Every structure is written in C-alpha cells, then in structure tokens.
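Structure assessment
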Amino acid sequence: MRNTIFEENAEILANVKHPGDQFVMRVRAPKTAAAARPGQFVHLRVSGERPMRRPISIMLTDPEKGTVDLLVKAIGEGTRLLRERKVGETMPMLGPIGRPFDLSDTSKRYVLIGGGVGVPPMIFCAMALRGKAPMVVFAGSEVEFPFALKPSTAILPGVGGNAILGIASLEDRGIASRLASNAGLYGCFEGHVPDLARNYLAALSDDERARCVLLSCGPHPMLHAVARVGREFGIPAYLSLEEHMACGIGGCAGCVVKTIEGGEEKYRRVCVDGPVFESSLLPEFA
Amino acid sequence: MTSESVHPSNIAAELSIDFAGLKLQTPLVLLSGCVGFGEEFTRIEGYSNRDVGAVILKGATLEPRMGNAPHRVYETPSGMLNAIGLQNPGARYVVEHVLPRLPHHETQFWANANGSSLQDYAEVARIFDDSPVTAIEINISCPNVKEGGVHFGNDPVMAARVVEAMRPMTSKPLITKLSPNNADIADTARRVIEAGTDGLSVINTLVGMAVDTEKRKPVIANVSGGLSGPAIKPVALWKVHQTYAVAKQHHIPILGQGGICCAQDALEFAIVGSSAIGIGTGLFYDPLTCKKMLSGISEYLNRHQLETFSSLVGSLQH
C-alpha cells in the first residue's frame, strides 16, 4: 500500500522545552494530520543552514485542527536548530512517511514499549488502539519525562513497587501505562523499560501471553532487549528503527537496514520499507 | 498519483530541448541514484514527471548488488556524502519488472549502466538496448564500489574502452558520466567522444569523508563517500566549462550537474555549456523544486528576450 506524501509548509504553533534537551513541537500541517497513522514520521527541513531533512516520529495528530505533535531531543546540529525555531515560523515538511505499525488484529493484546524520544509512536499507537484492542504502555526515560504524569489507576500483573505513575494523557483516556527509569525518578520502576515489560508478561497466564504483540521504539540497546523479551516468551516484536536519511521517500536507498528474508540477505530502506520491522527479519536483533 | 503539470503552456515551446538526438520536454533531468527506479517521487502530491525531460534510473549492474553497509549518507556543510554501493536488482530485473510499470508517456526514462569489466558494461548495454529506455548513461565514475566504476573513469584510456565496448551493443544514445576526481576532464571527454559517446554527464560526486570524533570512526561505513550538493557547485561549473570547450567542437551536449538547487543555479550551468540540467541532492532539499526552477528559468528567458533555453547554452562572455 502506498499513501500519498504531502509537502506542507508547517507552521510552528508551540515549541515547549523540557529537561534533557527535549522539546515538544506542535505544527499545523492539515494534510499530514488527516492521513498519518501510528509509526509514520515526517521529514522536516529544519533550517536553511542544514537543508537536509530530519525524520521525526509523529506523536499525535488532531485531524480536525490539522495539527501534528512531535517530541524531539536535540542531539545533533539539525535537531539543535529545530529546537531554536520560534512559534509562528514555518518549515517545509514531508509526510506522512513509512509503513505504520499493524494494529489491525483486535484479538491481540498490544504491549507498547517506548524509550526516550521513542515514546511518541507508542502514544500514537495507544490512541489509535483505544476502544479497539487491549493494550498497555510502558515508557522509559533517563531524564524527566516531557509529559504530565499522574498515578495510574490500572492494576497490572507483575508491576508493583515504586511503579505507580503513568502518562496523564493516556490515563485520562483509560489507557494503562507505567514508567521505568534508571535515574531514580519518582514513581518509576527502577530499571530498564524492557525489564518492566518482561515482569508484566511473566505474570500473565500462558493464554494471555500468547495473545501479546510487542511494539517498540527507542534506542538500539533498548530495542535489542525488547527483541530478547519477545524471543523469551515466543511472541512477535515489531521495532521502529531510525537511520541516517537523505530523501526520506525511498529514492536514494541511503537509510538501509539489513534483513534476512527467505534465507536471503537484503538491505531494506528504513524510510519506506520501514521504519517498522518485525525483529525476526533483522539479523542485528535476532 | 502524478498531478497535472501546472506550468503555463507557452513554457513548453521555450524549454523543450534536443539532447543527443532526443527531444526532451524540459531541460531538467532527475539524476541516477536520487529517484530510485522512477516510482518514488510520484507519491508526492504536486510532483509531476511532465516537469522533467528525463528521469535517470538507479544504476544497474549485470548481477544484483546488495550495496554497502550503513551508514550510507551524512549531511556535510552545504552538501552530503553518500556511499550506497550500487544497490540494485540487476539490469535484467529492471528491464523485465521495473520498466513495464513506468509511465513512459509522461517523461523519458534513461538507464544508468555500471560494470566491473568491459564485458559487463557491454552486456548491460545489450540488455537495455531491448527496452523502453530512450538513452543509456554510462557510469564510469561511481566512487563507491571497490571494483570498476571510478577506476575506469579516472583513466581516460579505460574510459574510452568502456564506451567502445558498449557502442556496438546499442543504437540508443550513450551518455558518459565523467568523474571530477581525475586530472584532466577535458582529455577524458575528448577520448570518450572519439569512442562514440553521444552526450556527457558532468560531474559525478567528489570523493570525501567524515569522521565521528566520539567513536574515532568514519561516519560512512564505506569510509569514503561521494560529496554532492551546493558545496561542489563551483567545481562542477568549472568542469562543465572545461568540458564544453571540447564538446562543442564535436556538437556533443552536456548534462551539467553538481549542487543545482534553483533556477539561478540552472542558468549558470547553461551559460557555461550545459544543454540539460541535472538535479540530485536539490531534490532532497525540495522534492518539488522542478516546477519552481522551470518558472524561474522562464522568467529569466522572458526578461532577456530569449526564445529558447537552448540559446542560452554556452553563452558565457569572456
């Protein structure tokens, strides 16, 4: 399936800075907002100084208001320039791009595991799954979370102790969530977020666990751990990857990841063949 | 998914060009390696194949190639490095499975032929000869593969032998892509013209590298990559200027390229001798740049009371 990709001059409506060089940006891009699905990204020309575009995961859209929310961490020159952009300014933006997460099987229980700036696609997935399939969101961060937090009212098997907080916007919509951190953040599971998810999965009955699917986005070490959890319990793990990107629409084959399909090694384009891949196809994560 | 071209109808008369015996609807040519096998940019709302005279398909070799490990691309000041490594499914696959899907009524598609031996190049030419591509670009200047490629392009005698090997295999125009990484581009141009090339692509990327200081490793897995984008524009203009001095004596057209991002860039390349205007990295900056370029070129031609784009080619006063 090929969706149309739109080039919009996205107007910055908000740019809220958070600890750890994180910022949440809301832009007006009605066509992307209307078409985007969880797991897709936008390709932003952040500045004339650095005209190559930067791929940024979509956190949430409001199709009625025509807005797209992005969570970014300023880690390189491009994202640092993006952080300094002001409300009212515009940026050329291509979107939505990429194969989204497959959320079509509503008989499954979706376990969403996000780390750092990999949390946004999990929020988008959760909003899309709401009322359709059972799910739980686990989010990890080593700096203060860039979201409002509140005590979670959901009781999750295998999740106890200090892990009492959830993401407020999810909890308010009846979506269960829990947090993990190694930085001693209040109300979080002390450890890595895949371990939190593992504790939850281990406490499920065999039948319940067999229905689970892992969806994940985050740093590579975290994705490795998520793939291991999937293997340990024999459940599929879908990982959203990132790679240096040039065109962002499949024209240059610059952003590849190695896959093994039918015994044959291939390089697939992260931008349009991904960014979501099943972990068993990826030798790096197998 | 392509939308109807929106440029005014009078532009077609001004901007269509003759290139190596082909009639191109505009002088803009999308460059090999930047637009996949012609099916990617058509997904973008507002993009139209009708705005370009030709689309050059991703480089093809006789056998499929996996390409290089990542990272393959990296942004540098005013440009980018790439080392894709000619990832492609093989020339036969392109002819049998890709070309039948392409909208040949919207624009021309050209092949880009690569090889690691003279026999490879000849066979790839033969395969594309029996296909709907209207021309074959010879890539003797790819810097990112260990065998073939630039090793032919950096040796003027070998470059000419590649053209000689391909010439009897096809009646389609052959366009030889010259490397900027050799000492005397004009000498290479003269030799490939004498060997039977119908056109010249000037220039391919300049070889460069980038370093990750935290890891003390090259950013590009291939260590070196090809530098493209506005950073190389002055070099490209100079190489086109040098090549044009030879090419015009033989009435061989040049497809100028190297950092062209806007109408102003296109005009500069035309003035130094480019009959056609190649766009690569500029598409990554703005995938809808072609319409804007055509509009800017038209405005310039009108302002200078020039009836055709071609009348601008090689008009440098010096």
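See the structure shown above.
Here we summarise the structure given alongside this text. (Residues numbered from 1 in each chain as written. Chains lettered and ligands numbered in written order. Predicted model: local features only at pLDDT ≥ 70, side-chain atom pairs only at ≥ 80, totals over all residues. Heavy atoms only, no water.)

The secondary structure content of chain A amounts to 7 helices and 18 strands. Taking 19 Å as the expected radius of gyration for a compact globule of 286 residues, we find that chain A reaches 18 Å, a close match to that expectation. Overall size of chain A, expressed as C-alpha extent along the three principal axes, is 55 × 45 × 35 Å. Of all 286 residues assigned to chain A, the portion counted as buried reaches 57%. By element, 50% of the accessible surface of chain A is carried by carbon and sulfur atoms, the whole surface being about 11,300 Å². (Helix = DSSP H or I, 4+ residues; strand = E, 2+ residues; numbered from the N terminus. Rg over C-alpha atoms; globule rule 2.2 N^0.38 Å. Buried < 20%, exposed > 50% of the residue type's maximum accessible area, 1.4 Å probe, protein only. Areas by Shrake-Rupley, 256 points an atom, 1.4 Å probe, with all protein chains shown as cover.)

Turning to a nonpolar patch on the surface, a few remarks are in order. Among the surface-exposed residues, Met209, Val211 and Val223 of chain B lie close enough to one another that they form a single nonpolar patch of about 270 Å² accessible area. Locating Met209 of chain B in the fold gives a position in the loop between β11 (206-208) and β12 (211-212). (Patch = residues over 30% accessible without salt bridge, like charges linked within 9 Å, V, L, I, M, F, W, Y side chains within 5 Å. Salt bridge = Lys/Arg side-chain N within 4 Å of Asp/Glu carboxyl O.)

Residue and element names in this part refer to chain A. Most of helix α3 (residues 119-129) is tucked away, with 9 of its 11 residues classed as buried. What α3 keeps buried is the set Val119, Pro120, Pro121, Met122, Ile123, Phe124, Cys125, Ala126 and Leu129. Gly131 lies just past α3 and shows a positive phi near 80 degrees.

This brings us to the sheet that holds strand β9 (residues 135-140) of chain A. Residue and element names in this part refer to chain A. Spatial ordering of the open sheet is given by β13-β12-β9-β8-β14-β15-β18, a layout of 7 strands whose pairing is mixed. Here the strands that pair on one side only, and so sit at the sheet edges, are β13 (189-190) and β18 (276-278). The pairing of strand β12 (residues 177-181) with β13 spans 2 bridges and is classified as parallel. Bridge pairing in β13 places Ser181 opposite Glu190. The strands touched by helix α5 (residues 193-203) within the sheet are β8 (109-115), β9, β12, β13 and β14 (212-217), with β9 carrying the most contacts at an inclination of about 150 degrees. Helix α7 (residues 220-233) contacts β8, β14 and β15 (237-240) of the sheet and is inclined by roughly 170 degrees relative to β14. (Pairing = 2+ DSSP bridges. Contact = heavy atoms within 4.5 Å. Axes fitted to C-alpha atoms, helices over the stretch in contact; angles between N-to-C directions.)

To continue, consider the pattern of salt bridges. Within the structure shown, the criterion is met by 29 salt bridges over all chains. In the salt-bridge network here, residues are joined through shared partners; they are Asp187, Arg190, Arg191 and Glu194 of chain B.

Residue and element names in this part refer to chain A. Turning to its location among the elements, Ser177 is positioned in strand β12. On the basis of relative accessibility, which here comes to 1%, the residue Ser177 falls in the buried class. Here the side chain of Ser177 touches Ile167 through a polar contact of 2.9 Å, landing on its backbone nitrogen. At 2.9 Å, the side chain of Ser177 forms a polar contact with the side chain of Glu171. Ignoring anything within four residues of it in the chain, the contact list for Ser177 reads Val137, Ser152, Leu165, Gly166, Ile167, Leu170 and Glu171. (Polar contact = N/O pair within 3.5 Å; in protein donor to acceptor, adjacent residues only side chain to side chain.)

Take the packing of aromatic side chains next. Here the structure, examined in full by the defined rule, presents 3 aromatic pairs over all chains. Just above the ring of Tyr267 of chain A sits the side chain of Arg72 of chain B; from NZ or CZ to the centre is 4.8 Å. (Phe/Tyr/Trp six-rings, centres within 6.5 Å; stacked < 30°, edge-to-face > 60°. Lys NZ or Arg CZ within 6 Å of the ring centre and 35° of its normal.)

Attention shifts here to the interface of chain B and chain A. The partner chain A presents 32 residues to the 34 residues of chain B that form the contact. Carbon and sulfur atoms supply 56% of the area that chain B and chain A bury against each other, a total of about 2,900 Å² over both sides. Among the residues of chain B in contact with chain A, Arg43, Glu75 and Tyr285 of chain B are the three that bury the most area, contributing 27% of the side total. Inspection of the chain B/chain A interface yields 3 salt bridges. For Glu75 of chain B, the salt bridge goes to Arg54 of chain A, with nearest N and O atoms at 2.7 Å. Counting the contacts that link chain B with chain A gives 18 residue pairs in polar contact (both at pLDDT 80 or more). Put simply, the parts of the chain that give the side of chain B that touches chain A at least two residues each are β5 (73-76), β6 (79-82) and α9 (281-285) of chain B. By residue class, the composition of the side of chain B that touches chain A is 18 nonpolar, 9 polar and 7 charged. (Buried area = accessible area lost by both parts, 1.4 Å probe. Nonpolar A, V, L, I, M, F, W, Y, C, P; charged D, E, K, R; others polar.)

Turning our attention to the layout of surface pockets. Estimates place the volume of the second largest pocket at around 1,200 Å³. Lining the second largest pocket are 37 residues, and of these Arg268, Arg269 and Asp273 of chain A together with Glu40 and Gln87 of chain B sit closest to its centre. Within the residue set of the lining of the second largest pocket, elements represented by two or more residues are β17 (264-269) of chain A together with α2 (91-98) of chain B. Looking at the lining of the second largest pocket element by element, the count peaks at 6 residues for β17 of chain A. (1 Å grid on protein atoms, 1.4 Å probe; cavity = no way out; pocket = protein on both sides within 12 Å on 5 of 7 lines; lining within 4 Å. Points joined across faces, edges and corners; volume = space filled by probe spheres on them.)

What follows covers the sheet that holds β11 of chain B. Residues and elements named next belong to chain B. The antiparallel open sheet is built from 4 strands, whose spatial order is β5-β6-β14-β11. Two strands close off the open sheet at either side, each with one partner strand: β5 and β11. Each strand of the sheet is rotated relative to its neighbour by a mean of 35 degrees, with strand direction disregarded.

Ranked by size, the top nonpolar core spans 148 residues in total, and within it Phe138 and Leu201 of chain A together with Trp110, Phe128 and Leu200 of chain B carry the most contacts. Here the element with the most residues in this core is helix α3 (residues 118-129) of chain B; it accounts for 7 residues. Looking at this core, you find at least three residues from each of domain 1 (6-97) and domain 2 (109-242) of chain A. By size, the runner-up hydrophobic cluster in this structure holds 29 residues, among which are Met59, Met122, Phe145 and Leu179 of chain A. (Core = buried A, V, L, I, M, F, W, Y, C linked by side-chain atoms within 4.5 Å. Domains from an automatic or database assignment.)

All right, on to the side chain of Thr197 of chain B then. All names here are of chain B. Tracing the sequence through the fold places Thr197 in the loop between α6 (185-194) and β10 (199-202). Looking at Thr197, its side chain comes within polar contact range of the main-chain oxygen of Leu174, at 3.1 Å. Ignoring any residue separated from it by four or fewer positions in sequence, one finds Thr197 in contact with Val163, Leu174, Ile175, Thr176, Val192 and Ile252.

Two quantities define a packed helix pair, namely the angle between the helix axes and the distance between the axes. Residue and element names in this part refer to chain B. Packing of helix α5 (residues 156-166) against α6 brings their axes to within 8 Å, and their N-to-C directions diverge by 30 degrees. When the axes of α5 and α6 are compared, the pair comes out roughly parallel. Handedness of the α5/α6 crossing: right-handed. Across the interface between the two elements, Pro156, Val157, Ala159, Ala160 and Val163 of α5 pack against Asp187, Thr188, Arg191 and Val192 of α6. (Parallel < 35°, antiparallel > 145°, perpendicular 65-115°, else oblique. Left-handed = near helix turned anticlockwise from the far one by under 90°.)

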